[in-house]
There are 2 protein chains.
Amino acid sequence: MTENLTLQMDDYLPLRDVVFNTLREAILKGELKPGERLMEMHLATKLGVSRTPIREAIRMLEQEGLAVTIPRKGAQVAKMTEKDLQDVLEVRDALDALAVVCACERMTDAQFVELKEAMKAFENATHTDDVRKIVETDEAFHDVIYAAAANPKLENIISSAREQMYRYRYEYVKNPSVYAQLIAEHRAIIEGFNRRDVEYLKSIMHTHLSNQINAVRVVIREQV
Amino acid sequence: MTENLTLQMDDYLPLRDVVFNTLREAILKGELKPGERLMEMHLATKLGVSRTPIREAIRMLEQEGLAVTIPRKGAQVAKMTEKDLQDVLEVRDALDALAVVCACERMTDAQFVELKEAMKAFENATHTDDVRKIVETDEAFHDVIYAAAANPKLENIISSAREQMYRYRYEYVKNPSVYAQLIAEHRAIIEGFNRRDVEYLKSIMHTHLSNQINAVRVVIREQV
DNA sequence: TGCGTGTATTTTGTATTCAATCTTACTAAA
DNA sequence: TTTAGTAAGATTGAATACAAAATACACGCA
């Protein structure tokens, strides 16, 4: 009885959050492209709500760095310049390093098992041509690491930094020739955690991230 | 003529941003205390606007980590637990390290002059008993370093991480016995930039940050 | 054709309204 | 005295309404 009640409470989501999640997903999946205008009335009718929750969701997207608003002109999906990419990567590099240091200290056995399973799931996904699944399992793999770092603040900041560039990454992941390398790097990461070798892990993570730069850079250059 | 026009354009700020800045300041200065409720109607009448811009500002504060909203109950100023503090410090430690590495590479001569001036301003401020001024000049000193890192994304993330704990820091800074140490550390930082000694800078920054932990921790413990 | 100009339309900014939920205070019963 | 229940008021959630600004477009003119 009471369980039902709390369940309902958890179930309730303000429309602003529903809208926020919807738009966020759409941006990350590339359905809303960088530079595309986010017109309130248009989105409102499309999602069947009024402008109020749309506007609140846009404020949230803005703070996440996924949208940019120009007063009296409206919001649009944030574009990244190459400089932005460079800047974000610099930050992610530092945060990923911190994450592996923390995770190395704090990872439980259960989480290590989870990591190996996430690895397998990713490997399996690369054998399909379901790009979405590949991206998702890749993210899931890294999520295990971030969770193992046991630092929710870090997790938040990394995920917001990831979001900003991940939406440019689909093109990169579409190219099957990179799968072998990604798998090898993931394996190396697992090996690193197995040995609890922090320095090794940091360098692998750095490589893993660097490999994405050029690919994403190309996608960014293509953007008008 | 045209200058006047562009000036007006720059001058225009949507009310949501005015409200956001106002509330943000109030939270950071401690006028709105952790746990205090942010009631829309109350704030609206107090600031002489309607609820709409208040709500949008609250969404922004929320995303900045300065407010927490419980659906159908409203927003309140975010509280930090000791764990939160620990987590944020871990992140800031990593980001500050990154910032000094970047700044060490990229700092211009003009910025170095600026840093030394900011140092002097801080030192002068400590000779007064204007806590606000001391806090501001301290922040300004660090802002010069962050600006010198020439990475706006990093700057954003650091400033949001700083905000989350700075509002607990007033009590710490109120205690004049710490000024000498702060000044010494700032001097060491300048010396580090002078020598372009990255490792030294990293360790100083780490110390500088660590010294705040216990002080802030005490303030957090006091919070009901 | 190219360039302003003025108007109509669209879009955002803000306020107001209505509905749903939560709080609080009071009453009544154990 | 305490506790359950209930009703009134307060507060948030969402939609609508209105005002101001930006945009688009047609028109006239050189």
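Residues numbered from 1 in each chain as written. Chains lettered and ligands numbered in written order. Predicted model: local features only at pLDDT ≥ 70, side-chain atom pairs only at ≥ 80, totals over all residues. Heavy atoms only, no water.

Residues and elements named next belong to chain A. Not every positive phi belongs to a glycine, and A150 is a case in point at roughly 55°. Along the chain, the position of A150 falls in the loop between α7 (131-148) and α8 (152-166). A150 sits in the partly exposed class, given a relative accessible area of 36%. (Helix = DSSP H or I, 4+ residues; strand = E, 2+ residues; numbered from the N terminus. Buried < 20%, exposed > 50% of the residue type's maximum accessible area, 1.4 Å probe, protein only.)

All right, on to the side chain of Q212(A) then. All names here are of chain A. Here Q212 shows up in helix α11 (residues 198-222). Under the relative-accessibility criterion, Q212 is labelled buried at 3%. Setting aside anything within four residues of it in sequence, one finds Q212 in contact with M165, R169 and Y172. (Contact = heavy atoms within 4.5 Å.)

Here we come to the interface of chain A and chain B. The partner chain B presents 32 residues to the 32 residues of chain A that form the contact. Approximately 2800 Å² of surface area, both sides summed, lies buried where chain A meets chain B, with 58% of it carried by carbon and sulfur atoms. The interface formed by chain A and chain B contains six salt bridges. For R59(A), the salt bridge identified is with E56(B), shortest N-O distance 2.3 Å. One can count 18 residue pairs in polar contact (both at pLDDT 80 or more) joining chain A with chain B. Residue composition of the side of chain A that touches chain B, grouped by class: 16 nonpolar, four polar and 12 charged. (Buried area = accessible area lost by both parts, 1.4 Å probe. Salt bridge = Lys/Arg side-chain N within 4 Å of Asp/Glu carboxyl O. Polar contact = N/O pair within 3.5 Å; in protein donor to acceptor, adjacent residues only side chain to side chain. Nonpolar A, V, L, I, M, F, W, Y, C, P; charged D, E, K, R; others polar.)

Under the criterion given, the structure shown has zero aromatic pairs over all chains. Looking at R195(B), its charged tip hangs above the ring of Y200(B), at a distance of 4.5 Å from the centre. (Phe/Tyr/Trp six-rings, centres within 6.5 Å; stacked < 30°, edge-to-face > 60°. Lys NZ or Arg CZ within 6 Å of the ring centre and 35° of its normal.)

Before going further, it helps to spend a moment on the layout of surface pockets. Counted as a void, the largest pocket has a volume near 1400 Å³. As for the largest pocket, its lining consists of 49 residues, and the residues nearest its centre are Q63(A), E64(A), N156(A), S160(A) and Q63(B). Of all the elements, α8(A) adds the most residues to the lining of the largest pocket, at 10 residues. The class makeup of the residues in the lining of the largest pocket is 18 nonpolar, 13 polar and 18 charged. (1 Å grid on protein atoms, 1.4 Å probe; cavity = no way out; pocket = protein on both sides within 12 Å on 5 of 7 lines; lining within 4 Å. Points joined across faces, edges and corners; volume = space filled by probe spheres on them.)

Looking now at the packing of helix α2 (residues 15-28) of chain A against helix α4 (residues 51-64) of chain A. All names here are of chain A. It is at 8 Å that the axes of α2 and α4 come closest, and there the two elements cross at 50°. Here α2 is positioned oblique relative to α4, judged by the angle of their axes. For the crossing formed where α2 meets α4, the hand is right-handed. The residues of α4 that touch α2, namely those facing L15, R16, D17, V19, F20, L23, R24 and I27, are P53, I54, E56, A57, M60, L61 and E64. Across the contact of α2 with α4, the residue classes break down as 10 nonpolar, no polar and five charged. (Axes fitted to C-alpha atoms, helices over the stretch in contact; angles between N-to-C directions. Parallel < 35°, antiparallel > 145°, perpendicular 65-115°, else oblique. Left-handed = near helix turned anticlockwise from the far one by under 90°.)

Close to DNA strand C lie 21 residues, the nearest being R51(A), L15(B), S50(B), T52(B) and K73(B). Restricting attention to atoms of DNA strand C within 4 Å of the protein, one finds that 70% of them are sugar or phosphate atoms. R51(A) places a side-chain nitrogen or oxygen 2.9 Å from a base nitrogen of DNA strand C. Between DNA strand C and L15(B), the relevant distance is 2.7 Å, taken from a phosphate oxygen to a main-chain nitrogen or oxygen of the residue. Mapped by element, the contributors of at least two residues to the surface near DNA strand C are β1 (37-38) and α4 of chain A together with α2 (15-28) and α4 (51-64) of chain B. Counted by class, the surface near DNA strand C contains eight nonpolar, three polar and 10 charged residues. (Near = heavy atom within 4 Å.)

A word on the sheet that holds β1(A). Residue and element names in this part refer to chain A. One open sheet holds the three strands; their spatial order is β1-β3-β2, and the pairing between them is antiparallel. In this open sheet, the two edge strands, each paired with only one partner strand, are β1 and β2 (67-70). Judged from the two bridges that link them, β1 and strand β3 (residues 74-77) form a sheet pairing that is antiparallel. If you follow R37 over to β3, its bridge partner there is Q76. (Pairing = 2+ DSSP bridges.)

Moving on to the pattern of salt bridges. Applying the stated criterion across every chain, the model contains 44 salt bridges over all chains. E105(B) is the salt-bridge partner of R106(B), the closest N and O atoms lying 3.9 Å from each other. For E105(B), a relative accessible area of 62% corresponds to the exposed category. When salt bridges with common partners are traced through the structure, they connect R16(A), E56(A), E40(B), R51(B), R55(B), R59(B) and E62(B) into a single cluster.

Once that is clear, we can look at the sheet that holds strand β1 (residues 37-38) of chain B. Residue and element names in this part refer to chain B. If you trace the three strands from one edge of the open sheet to the other, you get β1-β3-β2, paired in antiparallel fashion. In this open sheet, the two strands that pair with only one neighbour each are β1 and β2 (67-70). By the bridge criterion, four bridges tie β2 to strand β3 (residues 74-77) in an arrangement that is antiparallel. By the bridge assignment, I70 is partnered in β3 with G74.

Our focus in this paragraph is the protein's contact with DNA strand D. Not every one of the 21 residues close to DNA strand D is listed here, only the nearest: L15(A), S50(A), T52(A), K73(A) and R51(B). A share of 72% is what sugar and phosphate atoms reach among the atoms of DNA strand D within 4 Å of the protein. Within the side chain of Y12(A), a nitrogen or oxygen atom sits 3.2 Å from a sugar or linking oxygen of DNA strand D. Between DNA strand D and T52(A), the relevant distance is 2.7 Å, taken from a base nitrogen to a side-chain nitrogen or oxygen of the residue.

Once turned by 180° and shifted 0.0 Å along the axis, chain A lies on chain B with an RMSD of 0.1 Å. In short, the pair behaves as if placed about a two-fold rotation axis. In this assembly the copies share their binding face: 100% of the residues contributing to the interface of chain A also contribute to that of chain B. (Least-squares fit on C-alpha atoms with pLDDT ≥ 70 in both.)

Residue and element names in this part refer to chain A. Take E163: it is sitting in helix α8. Given the relative accessible area of 5%, E163 is considered buried. Sequence separation of E163 and K174 is 11 residues, and the distance between their C-alpha atoms is 18 Å. For E163, the contacting residues outside a window of four places in its chain are R24, L28, E64 and L66.

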